[in-house]
Amino acid sequence: ALGVWLYLLPLRLLSDAASDARIIAPGSRSATVLTLLTVVAVVTVTIHLLLALARGGWFWCFCSPIKNVTTFVSRVRAGSFLNDADQNVREFIGKMQLRHHFWLGVRGFAGAFAWLVVPSALLAAANRTEPVPVLVSIVGGLCLVPVLAWLPFLQARFASQNRFRALFELGKVRRLVSRAPVAWLLAVLIISVLALPLYLFKIVAPPRDALWLITPVFIVSIYPAKVLAGWAYHRAVSQPHRASWPVRWGCRLTVTALLAVYVLLL
């Protein structure tokens, strides 16, 4: 991905320059030269990227175009390229388990939505300063605190067991948390901290042509949080006994205070 991105970046800059030249001086020599240069660069870079991927797609494959060509020619002459490529692509796609993970994600989203929809709707009720909407919003915030505390473990349990009902087995998850309260506290802390940058885009909306930046920010922030939640769930499952009473309640009070501040920021 990094190799492809690095080679596409100069193509974007060159394409923008050619577009600007056609707008500023249509039909001029500079516009014609830049347009022709862009076409040649696109064809050349495309062939280079395809050969780099055909060689294996390692990062250094993108830095040795001549070796990519010689390797491709030798494999084609040997008659093994098409069979190897077909087998490697099928194996790669098979290991991704696209259907399994997509269906797992859809059901995980549905379960999280079921937990979050009511307290989130109540929290959003304070669009006026009248007493009733404010009171409803406070109730929604209070309801959201325990939901945010247990939902990461519920999702981790669902992903582990692949049972939709596991998303609502709160009693079993609470018993698991009592076995690894420190790991649970750390997971909730990191999840909350990494989610906060996403709300900056609600405060100040980025320009329309920069909206695509939200997607990598979301992935970079949510992926380690999910991995950490899975690690905490694994520790809870592998622990045979509950932690001591002071540790359990100290972590619970800390998580409650942390999420109360988090909901207040929301």
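Residues numbered from 1 in each chain as written. Predicted model: local features only at pLDDT ≥ 70, side-chain atom pairs only at ≥ 80, totals over all residues. Heavy atoms only, no water.

Asks: Sorry if this is basic, but what is going on with the overall build of the protein chain here?
Replies: Summing up its helical and strand segments, the protein chain has 10 helices and 0 strands in all. Along the protein chain, helices and strands appear, N-terminal first, in the series α-α-α-α-α-α-α-α-α-α. Taking 18 Å as the expected radius of gyration for a compact globule of 266 residues, we find that the protein chain reaches 26 Å, considerably beyond that expectation. Out of the 266 residues in the protein chain, the part that is buried amounts to 28%. Carbon and sulfur atoms make up 71% of the accessible area of the protein chain, which totals about 17700 Å². Separation between the mean location of the 26 positive side-chain charges and that of the 8 negative ones in the protein chain comes to 14 Å. (Helix = DSSP H or I, 4+ residues; strand = E, 2+ residues; numbered from the N terminus. Rg over C-alpha atoms; globule rule 2.2 N^0.38 Å. Buried < 20%, exposed > 50% of the residue type's maximum accessible area, 1.4 Å probe, protein only. Areas by Shrake-Rupley, 256 points an atom, 1.4 Å probe, with all protein chains shown as cover. Lys, Arg positive; Asp, Glu negative; His and termini not counted. Charge placed at Lys NZ, Arg CZ, Asp CG, Glu CD.)

Asks: I'm lost on the nonpolar core in this one. Help?
Replies: Among soluble globular proteins, nonpolar side chains are generally buried collectively. Core analysis: the biggest nonpolar cluster contains 27 residues, and Phe153, Trp184, Val255 and Leu259 have the highest contact counts within it. Where this core is concerned, the elements lending two or more residues are α6 (131–161), α7 (170–177), α8 (181–203), α9 (214–238) and α10 (245–265). For this core, the element with the highest residue contribution is α6, accounting for 8 residues. Setting aside residues no more than four positions away along its own chain, Val255 makes contact with Ala149, Trp184, Leu185 and Val188. (Core = buried A, V, L, I, M, F, W, Y, C linked by side-chain atoms within 4.5 Å. Contact = heavy atoms within 4.5 Å.)

Asks: What should I look at first to understand α9 in this one?
Replies: In an α-helix, one turn spans 3.6 residues, which is why side chains three or four residues apart end up on the same side. Between the first and last C-alpha of α9 there are 36 Å, a value that for 25 residues agrees with the 36 Å anticipated at 1.5 Å per step. Regarding α9, the residues found buried are Ser221, Ala225, Leu228, Ala229, Ala232, Tyr233 and Ala236. (Expected span 1.5 Å × (residues − 1).)

Asks: Can you walk me through the packing of α6 against α10 in this structure?
Replies: For any two helices packed against each other, one specifies the inter-axial angle together with the distance between the axes. Following both chains from N to C, one finds α6 and α10 inclined at 125°, their axes separated by 9 Å at the closest point. Considered as vectors, α6 and α10 are oriented oblique to each other. Two packed elements cross with a definite hand, and for α6 against α10 that hand is right-handed. In contact with Gly141, Leu144, Val145, Leu148 and Ala149 of α6, α10 contributes Val255, Thr256, Leu259, Ala260, Tyr262 and Val263. (Axes fitted to C-alpha atoms, helices over the stretch in contact; angles between N-to-C directions. Parallel < 35°, antiparallel > 145°, perpendicular 65-115°, else oblique. Left-handed = near helix turned anticlockwise from the far one by under 90°.)

Asks: How should the packing of helix α2 (residues 29–55) against helix α3 (residues 65–78) be read in this particular structure?
Replies: Contact geometry of α2 with α3 gives a least axis separation of 9 Å together with a crossing angle of 60°. Like other packed secondary-structure pairs, α2 and α3 cross with a definite hand, here left-handed. Judged by residue contacts, His48, Leu51, Ala52, Ala54 and Arg55 of α2 engage Pro65, Lys67, Asn68, Val69, Thr71, Phe72 and Arg75 from α3. In terms of residue class, the contact of α2 with α3 is built from 6 nonpolar, 3 polar and 3 charged. (Nonpolar A, V, L, I, M, F, W, Y, C, P; charged D, E, K, R; others polar.)

Asks: Looking at this model, I keep getting lost on a nonpolar patch on the surface. Mind explaining?
Replies: A surface patch of nonpolar side chains, about 760 Å² in accessible area, is lined by Leu2, Trp5, Leu6, Leu9, Leu13, Phe59 and Trp60. Residue position: Leu2 is located in helix α1 (residues 2–24). (Patch = residues over 30% accessible without salt bridge, like charges linked within 9 Å, V, L, I, M, F, W, Y side chains within 5 Å. Salt bridge = Lys/Arg side-chain N within 4 Å of Asp/Glu carboxyl O.)

Any link to function would need more than the numbers given here.
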